[in-house]
Amino acid sequence: MKFHYGVMQGRLSKRIGNKIQAFPEKNWRSEFFKAKALGLKFIEWTLDYKNLRKNPLLTKKGQLEINKLSKKNSIKVNSITGDCFMQKPFWKKKNQKSLDDLIYVIQCCKKMAINYIVVPLVDNGSITNKKDEKNLLSSCKYIFKYLRGSNVKIVFESDFSPKKLKKFITKFDKRYFGINYDVGNSAGLNYEMDDEFKLYGKYIYNIHIKDRLKYGKTVRLGNGNTNFLNLFKNLKKIKYGRKLILQTARSKSDRHMEEIKINLLYLKKFHNV
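A word on the layout of surface pockets. What the largest pocket holds in volume is close to 970 Å³. As for the largest pocket, its lining consists of 36 residues, of which Arg11, Ile20, Gln21, Lys210 and Thr218 are closest to the centre. Sorting the residues of the lining of the largest pocket by element identifies helix H3 (83-87), strand E4 (116-121), strand E5 (153-158), helix H7 (183-188) and strand E9 (218-219) as the ones contributing at least two each. Of the residues forming the lining of the largest pocket, the biggest block, 3 residues, is contributed by H3. Estimates place the volume of the second largest pocket at around 480 Å³. Looking at the lining of the second largest pocket, its residues break down into 7 nonpolar, 4 polar and 8 charged.

Below, the structure written as structure tokens:
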């Protein structure tokens, strides 16, 4: 089985303030060239709530430029991480405008042939009560008409336990909703990987690659609690033929391309398991 690697947007640029992840407003163009130099195939776009509608992915001029850079460098933008929906969760009534933003993002994804929108149900976006879950289900039912007949899917990244996540995701139409599996977050929460893949492997449409200490921070691949040998065994079991997006720890010395290169070499050790 051949694995296709991509990188989370911003991982090839200097950090913005103290943020681990943010849209690299000044450097997003150069990341296409850097990704090509590393032999990557994808960039997963990042949307922040601040200046959301000015993000180039959501403007006509920006879309034309992205398509040009994508073609020139053979780097596809096939997925989006909607951090904006974690920052302003559309399933909370005070953020109703965020639902309109999601609809607009879906429409832009159709134009750009982008298949996956990651909606993070973690941190500020965590589903902590039945009311939030009910509102999320209601919101997704409302946006269904914008997804119907398209190749766009909403994929949830969640901090639910494996059994709870299985129960949760089966409430959605599998054609348009699924799971973004964050390898490091699951390892950090000490979830059992075999159980996760057995319970909801068929719902996994997108994967974030990172490593985390048990109940701790993100670290370089191989230094945390993630069992990568077991990961690749499980990927082969479910015949996962889509991309793996590196959302790895940032370089402490701002050598970001070198950090991604080290992580890619580490992952390739497991390709023949």
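Scanning the model with the defined rule gives 20 aromatic pairs in all. Between phenylalanine 156 and phenylalanine 168 the ring centres are 5.6 Å apart and the planes differ by 70 degrees, which places this aromatic pair in the edge-to-face class. On the criterion of sequence distance, the pair formed by phenylalanine 156 in strand E5 and phenylalanine 168 in helix H6 (residues 162-169) is long-range, its members being 12 residues apart. The two residues phenylalanine 156 and phenylalanine 168 agree in class, both being buried. Geometrically, the ring pair formed by phenylalanine 228 and tyrosine 266 is edge-to-face, given 5.6 Å between the ring centres and 85 degrees between the ring planes. Here phenylalanine 228 is found in helix H9 (residues 228-237), whereas its partner tyrosine 266 is found in helix H10 (residues 256-268), with 38 residues between them in sequence. Three or more aromatic residues joined by ring pairs make a cluster, and in this case those are Phe3, Phe228, Phe232, Tyr266 and Phe270. The ring of tyrosine 104 has arginine 53 sitting right over it, with the charged end atom 4.3 Å from the ring centre. Sitting over the face of the ring of tyrosine 203, lysine 174 holds its NZ or CZ atom 6.0 Å from the ring centroid.

Attention shifts here to the nonpolar core. Counting residues in each nonpolar core, the largest one holds 75 residues, and the members touching the most others are Trp45, Ile117, Phe156 and Leu231. Looking at this core, the element that brings in the most residues is helix H4 (residues 97-112), giving 8 residues. Excluding residues that lie within four positions of it along the chain, phenylalanine 156 makes contacts with Val119, Leu121, Leu136, Cys140, Phe168, Ile169, Phe172, Phe177, Gly178, Ile179 and Asn180.

Conventions we followed
Residues numbered from 1 in each chain as written. Predicted model: local features only at pLDDT ≥ 70, side-chain atom pairs only at ≥ 80, totals over all residues. Heavy atoms only, no water. 1 Å grid on protein atoms, 1.4 Å probe; cavity = no way out; pocket = protein on both sides within 12 Å on 5 of 7 lines; lining within 4 Å. Points joined across faces, edges and corners; volume = space filled by probe spheres on them. Helix = DSSP H or I, 4+ residues; strand = E, 2+ residues; numbered from the N terminus. Nonpolar A, V, L, I, M, F, W, Y, C, P; charged D, E, K, R; others polar. Phe/Tyr/Trp six-rings, centres within 6.5 Å; stacked < 30°, edge-to-face > 60°. Buried < 20%, exposed > 50% of the residue type's maximum accessible area, 1.4 Å probe, protein only. Lys NZ or Arg CZ within 6 Å of the ring centre and 35° of its normal. Core = buried A, V, L, I, M, F, W, Y, C linked by side-chain atoms within 4.5 Å. Contact = heavy atoms within 4.5 Å.

Interpretation in functional terms is not warranted from these geometric data alone.
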